[in-house]
Amino acid sequence: MKKKFIFATLIASTFLCTKNVYAFDSNNYKNKSLCGTYEVAGFHTDGVIDPVKCTNNYEEAKNWMKNNGAKDLAIMTKVGGETKIIDANVALLDLSVNPETLTYFYTNPNLTGSSYTYMDTGSLYGGVDGAHMETAYGSNGWVAKVKTGNFTGWIKASTYEIVPITWIKSTSTYSVTNSNIRHNYVAKIQNTYNGSSGRTIGPKPTMLNTGTYYSFDGHYFYTNLETMIKDYKNGNFNNSVNKNNPYYNYYMYLSNHTKTAYSSINIDEYIRNNLGYKENVYGNAANGSNSRLYGSGTFFYYAQEKYGVNAILSLSLSRNETGNGTSYLAVNKNNGFGLNAVDSNPINGANWYASFSSSILGYASKWITYGYAHPRDWRYFGPQFGDKWIGMNVKY
């Protein structure tokens, strides 16, 4: 098959159209002329775009591409006057191109009904990439199905670009050391990235050896990106390194309606000794040694006893949302969780509380017990933090 493809490539580059060399960016091929309404081309690792099949029918182009099977093949056509990749054999989606703040994910290709979930795809910590599953054309034009954050759903064309695997220079990964597992983030999958953005998410999983892995669900891990994408498309995890033993991060899937064995004294000791904060914040700005979290152990524990919300889970979310209790909202609005700090109006829209402790109690009561973790609440997808498929994070 590989020999046939090479031969076909040689013929195409001679008779269909000349090879074109582009940088690994859609801005550099958006004005490219096509040999037919739909052009199947090889996207080579050196930047060459090599036409191999011309047709006026998408299904014909799609079937030819899939039957050939080469991992660098993609289909291009004109959309709104510009050349775009609309399908590919093996690819990721660049979600960072969305001109809007949020990307909405649907369960059907017509994008009808309410979106199932959404993500801030313009942020490293939101998610800028996902596995391309399939393409469809419907009432909203071209749409793609993507797998990211353990959710598989459809998104509209303006929110993504398809990047063939041969043009991918970096992607989100997981690093496993002898002591922990870390989720690493990138800014642009077409660019080489040597940064250190990411987060340690837990102790080393027993089922994983040390090394670097790919995963868009956080449960099944792969050492090869192409193998992972092909498994996803086939609807299985057969070639993952832990196919019979999926990983579930303990605190991500622990119900908020549990109780920690740690006491209020333990929480305060952790804030002092592990986080290094020695006093509360006085004034309107924090420094390196003070935090709104200081001395708050009693209130996290009391909220657990009164409203049934795990004190350690509450502390962890407060740390994440306030930069360990040092953010502007934590210091100036006593807002310990970024409550109502929506993207469109994060400062003025955020809740103000009379004290930091009152925000802890308000979070446990209104936002968890009678909010996200209440079965009758519209945001309820389970009482755990979860991911984009189950738990608070679906609508968070």
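Model, not experiment: these values are computed from the prediction. (Residues numbered from 1 in each chain as written. Predicted model: local features only at pLDDT ≥ 70, side-chain atom pairs only at ≥ 80, totals over all residues. Heavy atoms only, no water.)

K.L.:
Just to check I follow, could you spell out the overall build of the protein for this structure?
P.N.:
Helix and strand counts for the protein stand at eight helices and 16 strands. Projecting the C-alpha coordinates of the protein onto the three principal axes gives extents of approximately 75 × 45 × 40 Å. Among the 396 residues that make up the protein, the fraction classed as buried is 51%. Long-range pairs, those at least 24 residues apart, make up 55% of the contacts in the protein between residues at least 6 apart in sequence. In the structure as shown, the protein presents an accessible area of about 18400 Å², 49% of it carried by carbon and sulfur atoms. One finds the centroid of the 35 positive side-chain charges in the protein at a distance of 3 Å from the centroid of its 26 negative side-chain charges. (Helix = DSSP H or I, 4+ residues; strand = E, 2+ residues; numbered from the N terminus. Buried < 20%, exposed > 50% of the residue type's maximum accessible area, 1.4 Å probe, protein only. Contact = heavy atoms within 4.5 Å. Areas by Shrake-Rupley, 256 points an atom, 1.4 Å probe, with all protein chains shown as cover. Lys, Arg positive; Asp, Glu negative; His and termini not counted. Charge placed at Lys NZ, Arg CZ, Asp CG, Glu CD.)

K.L.:
Would you explain the packing of aromatic side chains in this entry?
P.N.:
The relation between two aromatic rings is expressed through the spacing of the ring centres and the mutual angle of the planes. For the structure shown, the criterion picks out 23 aromatic pairs. Where F43 meets W167, the ring centres are 5.1 Å apart and the plane angle is 80°; that geometry is what we call edge-to-face. Of the two residues, F43 is situated in strand β2 (residues 38-43) and W167 in the loop between β12 (161-164) and β13 (173-176); the sequence distance between them amounts to 124 residues. We classify F43 as buried; its relative accessible area is 0%. A cation over an aromatic ring shows up here: R379 above the ring of Y372, its NZ or CZ 4.3 Å from the ring centre. It is K388 that lies over the ring of Y118; its NZ or CZ is 5.1 Å from the centre. (Phe/Tyr/Trp six-rings, centres within 6.5 Å; stacked < 30°, edge-to-face > 60°. Lys NZ or Arg CZ within 6 Å of the ring centre and 35° of its normal.)

K.L.:
Teacher, can you tell me more about helix α2 (residues 58-68) here?
P.N.:
Each α-helix turn comprises 3.6 residues. Residues three or four places apart therefore point the same way. Those residues of α2 that sit buried are Y58, A61, K62, M65 and N68. For α2, the buried positions fall inside an angular range of 135° around the axis, keeping them on one side. In this structure N57 caps α2, since a side-chain oxygen of it lies 3.0 Å from the backbone nitrogen of E59. Where α2 terminates, the next one or two residues include G69, which has phi positive at roughly 85°. (Arc of directions from axis to C-beta. Polar contact = N/O pair within 3.5 Å; in protein donor to acceptor, adjacent residues only side chain to side chain.)

K.L.:
Looking at this structure, how should I read the state of the cysteines?
P.N.:
Disulfide: a covalent bond connecting the sulfur atoms of a pair of cysteines. Under the defined criterion, the tally for this structure stands at one disulfide. The residue that forms a disulfide with C35 is C54, at a sulfur-sulfur distance of 1.9 Å. One quick way to see it: the torsion about the S-S bond of C35 and C54 is about -105°, and its sign makes the bridge left-handed. Residue C35 is located in the loop between β1 (20-21) and β2, and its partner C54 is located in strand β3 (residues 48-55); the two are separated by 19 residues in the primary sequence. By relative accessible area, C35 is classed as partly exposed at 27%. (Disulfide = S-S within 2.5 Å.)

K.L.:
Where do I start with the sheet that holds strand β6 (residues 91-94) in this structure?
P.N.:
Sheets are built from strands paired through backbone hydrogen bonds, the pairs being either parallel or antiparallel. Strand order in the open sheet made by the five strands is β11-β10-β9-β6-β12, with antiparallel pairing throughout. This sheet does not close on itself; its edge strands, each paired only once, are β11 (151-156) and β12. Across the sheet, the mean angle from the axis of one strand to that of its neighbour is 45°, orientation sign disregarded. (Pairing = 2+ DSSP bridges. Axes fitted to C-alpha atoms, helices over the stretch in contact; angles between N-to-C directions.)

K.L.:
Would you explain the sheet that holds strand β16 (residues 211-213) in this entry?
P.N.:
Overall, antiparallel pairing links the four strands, which are arranged β15-β14-β13-β16 in an open sheet. Edge strands, defined here as strands with exactly one partner in the open sheet, are β15 (198-203) and β16. On average, each strand axis in the sheet is inclined to that of its neighbour by 25°, with strand direction left out of account. Bridge analysis of β13 against β16 gives three bridges, and the strand direction is antiparallel. Residue pairing across strands places Y174 opposite Y213, the latter belonging to β16.

K.L.:
I keep staring at a nonpolar patch on the surface and nothing clicks. Help me out?
P.N.:
A surface patch of nonpolar side chains, about 370 Å² in accessible area, is lined by Y250, Y251 and Y262. By the element assignment, Y262 lies in the loop between α3 (225-234) and α4 (264-274). (Patch = residues over 30% accessible without salt bridge, like charges linked within 9 Å, V, L, I, M, F, W, Y side chains within 5 Å. Salt bridge = Lys/Arg side-chain N within 4 Å of Asp/Glu carboxyl O.)

K.L.:
Would you mind showing me how to read the pairing of β13 here?
P.N.:
When β13 meets strand β14 (residues 180-184), the two strands line up antiparallel, connected through four bridges. The residue of β14 that forms the bridge with Y174 is H183. Here β13 folds back onto β14 in antiparallel fashion, the turn holding three residues.

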